[in-house]
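Read off the chains here:
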Amino acid sequence: MKTLIKNINIITMDANANRYPDGAILYEDDTIEYVGPYSKLDGAINENSDNVQVIDGKGMLAMPGFINAHTHIPMTAFRGYADNMPLWEWLTQKIWPLENRLEPEDAYWLSMLGAAEMISAGITTFSDMYMFTNEIAQAAYDSGMRAVLSRAMVGPDDTFEQRLKDVEKLAEWQNRAEGRITMMIGPHAVYTCSPEFLVTCRKLAEEYKTGIHIHLSETAKEVEDCIREYGKTPVRHLYDLGYFDLPVTAAHCVHLTDDDIDLMAEYDVKVAHCPVSNMKLASGFAPVDAMLKKGITVSLGTDGAASNNNLSILKEMSVAALIAKGYTGDPKALPAHTVVEMATVGGAKAVMLEDKIGSLEAGKKADIQLIDTRGPHYFPMEDPLVHLVYSGYSGDIDTVIINGRVVMQDRKLATIDLNLVYREVERIVNRICN
């Protein structure tokens with residue numbers, strides 16, 4: 001089956017920044033065959049054929065799906081729980097005790113809720129670090145999302161053997177789900193993993209031939225504690241443990257020295273910037289502009305719904321752009337196009353899928369969102385990307401296609417029964433919170 005999207009304004013986010021105001025996208029099964037002016041299809045496809053599905057994109061903007069490069073999807077259970085607390089107190093006194101009450105099946109329904117929210121916000125791929133990765137993978141499979149999953153690793157402790165089994169199961173998912181599920185190794189952070197355990201996790205990444213997803217330099221306390229215990233910053237600590245010989249995506253990176261930034265740039269460490277969560281937990285403002293100027297790939301993440309409180313990359317784009325300008329005092333910091341790059345091509349690099357997703361190009365996967373630009377907040381229509389970053393909101397997303405499958409159209413989810421999900425999540429929350 002071929003699908004033709006026509007009468008569409010296309011922003012490809014490719015290396016040449018191609019835009020096609022009267023464009024067309026043609027894809028077959030899960031792969032894009034053509035992106036360009038509708039007029040240049042030259043009758044290459046019979047739109048009336050039974051083997052062709054036609055989507056009229058009039059009034060819409062077509063873009064690659066957003067990529068959420070750092071989240072904890074089952075934490076939808078804790079949305080609105082334990083506000084107005086610093087990170088360490090929030091984790092140890094509120095979140096971790098509640099997480100101990102979760103059952104594996106809970107993670108499936110909580111992840112389905114997160115998937116529904118992300119699809120509704122134009123997110124086609126998410127990179128997750130959490131427990132219960134088998135259930136999260138199942139939710140990604142059932143919802144139709146693309147997922148890069150990491151089993152959160154802390155230690156050493158007596159649960160390591162179980163976590164290894166979780167990693168083994170996760171590796172098996174890579175041969176299923178039409179290639180939509182891949183994996184990374186997820187040591188939680190320097191402050192929850194001993195140096196010896198961090199080395200164990202690095203060797204695990206080498207064994208599975210994958211990258212590493214880790215929290216890094218999120219708070220001033222984390223950096224101060226690391227310097228006091230090891231005599232170096234968390235970034236230098238990971239470097240000395242051989243981490244940067246592998247692909248690394250580091251979440252947060254709020255408190256960095258100039259030496260840290262130079263080291264990360266030299267070894268191509270990717271960053272998942274989570275501005276809303278960092279502000280809500282009073283962790284600080286990441287030096288994104290400085291990182292970008294050094295050539296570091298910076299993507300966007302929402303973190304978990306417990307510390308955000310939503311899973312919208314559109315919101316992260318707007319906040320990231322505004323913070324950068326206020327933080328640096330430079331009105332040119334993080335222009336709209338750069339922020340959208342972070343949400344698309346930057347995200348694809350951060351999850352090691354840049355050859356498959358992140359831009360609309362022939363040969364890449366059909367991960368596409370159609371954004372309704374007929375609302376008053378998009379007029380007058382100057383630069384659509386500027387409007388998207390500063391005026392757009394998740395309700396503008398009309399249609400989402402992942403791996404060639406329409407998972408939402410006309411704002412109606414096609415793969416998730418929301419009422420069922422709501423009932424199950426309410427049951428779970430009533431149990432663990434009472």
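That block above? That's the structure.
Below or above, wherever it landed, is the structure these notes cover.

Scoring rules and cut-offs
Residues numbered from 1 in each chain as written. Predicted model: local features only at pLDDT ≥ 70, side-chain atom pairs only at ≥ 80, totals over all residues. Heavy atoms only, no water. Helix = DSSP H or I, 4+ residues; strand = E, 2+ residues; numbered from the N terminus. Buried < 20%, exposed > 50% of the residue type's maximum accessible area, 1.4 Å probe, protein only. Lys, Arg positive; Asp, Glu negative; His and termini not counted. Charge placed at Lys NZ, Arg CZ, Asp CG, Glu CD. Contact = heavy atoms within 4.5 Å. Polar contact = N/O pair within 3.5 Å; in protein donor to acceptor, adjacent residues only side chain to side chain. Expected span 1.5 Å × (residues − 1). Bend = angle between axes of the 7 residues up to and from the residue. Axes fitted to C-alpha atoms, helices over the stretch in contact; angles between N-to-C directions. Parallel < 35°, antiparallel > 145°, perpendicular 65-115°, else oblique. Left-handed = near helix turned anticlockwise from the far one by under 90°. Phe/Tyr/Trp six-rings, centres within 6.5 Å; stacked < 30°, edge-to-face > 60°. Lys NZ or Arg CZ within 6 Å of the ring centre and 35° of its normal.

**Some thoughts on the overall build of the chain**
Okay, so step 1: Each helix and strand in the chain was counted, giving 15 helices and 17 strands.
Okay, so step 2: Projected onto its principal axes, the C-alpha positions of the chain cover 65 × 50 × 40 Å.
Okay, so step 3: Burial statistics for the chain: of 434 residues in total, 59% are counted as buried.
Okay, so step 4: The distance from the centre of the 40 positive side-chain charges to the centre of the 61 negative ones in the chain is 1 Å.

**Details of the environment of D372**
Okay, so step 1: Inspection of the secondary structure puts D372 in strand β14 (residues 368–372).
Okay, so step 2: Along the backbone, D372 and D410 are 38 residues apart, and their C-alpha atoms lie at a distance of 9.7 Å.
Okay, so step 3: Not counting chain neighbours up to four residues away, the residues in contact with D372 comprise G59, M60, Y378 and D396.
Okay, so step 4: One polar contact links the side chain of D372 to the main-chain amide nitrogen of R374, over a distance of 3.0 Å.

**Looking at helix α1 (residues 87–99)**
Okay, so step 1: The first and last C-alpha atoms of α1 sit only 15 Å apart over 13 residues, clearly below the 18 Å expected at 1.5 Å per residue.
Okay, so step 2: Q93 marks the point of greatest bend in α1, at about 25°, and the proline P97 comes within the next four residues.
Okay, so step 3: Residues L87, W90, L91, I95, L98 and E99 constitute the buried set of α1.
Okay, so step 4: Close packing links the buried residues of α1 with β7 (123–130) and α15 (418–432).

**Digging into the packing of helix α2 (residues 104–120) against α15**
Okay, so step 1: The N-to-C vectors of α2 and α15 enclose an angle of 130°; their axes lie 9 Å apart at closest approach. The pairing of α2 with α15 is recorded here as oblique in orientation. Crossing handedness for the pair α2 and α15: left-handed. Between α2 and α15, the residues in contact are E105, D106, W109, L110, M112, L113 and A116 and L418, L420, V421, Y422, E424, V425, R427, I428 and R431, respectively.

**Quick look at the packing of aromatic side chains**
Okay, so step 1: A complete count under the given rule lists seven aromatic pairs for this structure.
Okay, so step 2: Aromatic side chains Y108 and W109 sit 5.0 Å apart centroid to centroid with 85° between the ring planes, which places their arrangement in the edge-to-face category. Side by side, Y108 and W109 carry an identical accessibility label, which is buried.
Okay, so step 3: On the numbers, 6.3 Å between centres and 40° between planes, the contact of F244 with Y267 is tilted. Highlighted residues: F244 in the loop between α7 (234–240) and β11 (248–252) and Y267 in the loop between α8 (258–266) and β12 (270–273), separated in sequence by 23 residues.
Okay, so step 4: According to the relative accessible area criterion, Y267 is partly exposed, its value standing at 27%.
Okay, so step 5: The rings of Y239, F244 and Y267 are connected pair by pair, giving a single aromatic cluster.
Okay, so step 6: When the ring centre of W173 is taken as origin, the NZ or CZ atom of R176, which lies over that ring, is 3.8 Å away.

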